[in-house]
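Observations on the model geometry
For reference, the chains in residue letters:
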Amino acid sequence: MIVRPNPNWIVILTTLKGSIAKRIALRVLLITVFASLIVLLEKTYPASFENVSSIPFTLLGLSLSIFMSFRNSSCYDRWWEGRKMWGKIIIEVRAFCRESIVISDAQTREEILKMLCAFAHALNSKLKGNNVSISLNKWIADDKFTFIDNPADTILSNIGEKCSKLASDGIISEWRYLELERRLIGLSEAQANCERIKNTPLPFPYTLLLHRTTFIFCLLLPFAMAEPLGWLAPIFTTIVSYTFFGLDAIGNELEDPFGNDVNDLPTDSMVRIIERDVHRALGNINLPPQIKPIDHVLS
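In short, a report on the structure. Quantities reported herein were computed from a predicted structural model and do not represent experimental measurements. (Residues numbered from 1 in each chain as written. Predicted model: local features only at pLDDT ≥ 70, side-chain atom pairs only at ≥ 80, totals over all residues. Heavy atoms only, no water.)

Here we take up the overall build of the chain. Regarding its fold elements, the chain presents nine helices and zero strands. Written out in order from the N terminus, the α and β elements of the chain read α-α-α-α-α-α-α-α-α. Sorting the 299 residues of the chain into buried and exposed places 43% on the buried side. Summarising the internal contacts of the chain: among those between residues at least 6 apart in sequence, 76% fall at separations of at least 24. Here the chain has roughly 16300 Å² of accessible surface; of this, 60% comes from carbon and sulfur atoms. (Helix = DSSP H or I, 4+ residues; strand = E, 2+ residues; numbered from the N terminus. Buried < 20%, exposed > 50% of the residue type's maximum accessible area, 1.4 Å probe, protein only. Contact = heavy atoms within 4.5 Å. Areas by Shrake-Rupley, 256 points an atom, 1.4 Å probe, with all protein chains shown as cover.)

On to the packing of aromatic side chains. Enumeration according to the criterion identifies seven aromatic pairs in this entry. With a centroid separation of 5.4 Å and 70 degrees between ring planes, the pair formed by Phe217 and Phe244 is classed as edge-to-face. Remark: Phe244 occurs in helix H8 (residues 233–255) and Phe217 occurs in helix H7 (residues 204–229); sequence separation between them is 27 residues. Grouped by ring-pair contacts, the aromatic residues Phe67, Phe70 and Tyr206 constitute a single cluster. (Phe/Tyr/Trp six-rings, centres within 6.5 Å; stacked < 30°, edge-to-face > 60°.)

This paragraph deals with the state of the cysteines. Under the defined criterion, the tally for this structure stands at zero disulfides. In this structure Cys117 is not part of a disulfide, and its nearest cysteine sulfur, from Cys97, lies 7.7 Å away. (Disulfide = S-S within 2.5 Å.)

As a further point, take helix H4 (residues 106–128). Taking 1.5 Å as the rise per residue, H4 with 23 residues should run 33 Å; its terminal C-alpha atoms sit 33 Å apart, in good agreement. H4 sits mainly inside the fold: 17 of its 23 residues count as buried. Looking at the residues trailing H4, positive phi occurs at Gly129, about 80 degrees. (Expected span 1.5 Å × (residues − 1).)

Our next topic: the packing of helix H3 (residues 55–99) against H8. Where H3 meets H8, the closest approach of the two axes is 8 Å, and the angle between their N-to-C directions is 25 degrees. When the interaxial angle is binned, H3 and H8 end up roughly parallel. The crossing of H3 and H8 is left-handed. Facing Gly61, Leu64, Ser65, Met68, Arg71, Asn72, Cys75, Tyr76, Arg78 and Trp79 of H3, the residues of H8 in contact are Phe244, Leu247, Asp248, Gly251, Asn252, Leu254 and Glu255. (Axes fitted to C-alpha atoms, helices over the stretch in contact; angles between N-to-C directions. Parallel < 35°, antiparallel > 145°, perpendicular 65-115°, else oblique. Left-handed = near helix turned anticlockwise from the far one by under 90°.)

As a further point, take the pattern of salt bridges. Summed over all chains, the structure comprises 16 salt bridges. The partner of Glu99 in a salt bridge is Arg183, and the shortest N-O contact between them spans 3.0 Å. Of this pair, Glu99 sits in helix H3 while Arg183 sits in helix H6 (residues 174–199), and the two are 84 residues apart along the sequence. Residues participating in the shared-partner salt-bridge network are Lys88, Glu92, Glu99 and Arg183. (Salt bridge = Lys/Arg side-chain N within 4 Å of Asp/Glu carboxyl O.)

Function cannot be inferred from these measures alone, as they are strictly geometric.
See the structure below:
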């Protein structure tokens, strides 16, 4: 759909946009400072660190890695399912545009197809927590159109009513109406799945336990590394804390794939794809420009 250029190794090592580093920088810095203090304490009182074994830290680190892998896999599944649902929305809109060619009333067809754009904008705005009705005026011609509770579902219901009226007036056949209704059902199913992902986060105890265990592990790790590694301990502690805190923060972003974080789904770009498809189906030549990634990040 949209291909991002592959970054070279210099970009991978230096880029901050899209990286999780900025979100965890303060925590990693505090852990590094704390590790340095522990090493200084070990150099001052070496006898106090002679009996500190690394075995408990190895077991705790292994358990934490397994638990973090489980949580991040669950968060990625939510992110990927959200992407599949938006892919389904694009497929259903394209299919509806093709099948709507049988609508002989050009004005009615244009109104219906533009309402599909309004549906995409309404769903995207609701998932992002934005004001839904602001951006819909140019897509909905009916001034009396009102949004009661769920704007996206209201739009689909209105499209269904228009298609039903076309069938009852004999403008389209009953079979064509059923095909169009099947596309609306697909859009409604994708909407419901997106709302389920948005409104059902992972159980809070999972997140709470992972946060606490990660902090405890990173705070205790310097005690085991200070005696054998000396002043190299803060460096290795920084690497370990960057890894664990980074994976934890990435899981937090992927858990809600419809937000405004840089690693969330590029739903604005997918809405723009729907707009271009609708304009193309209506015979318009001047299509809205595609949204391209900036610094390997797509909105």
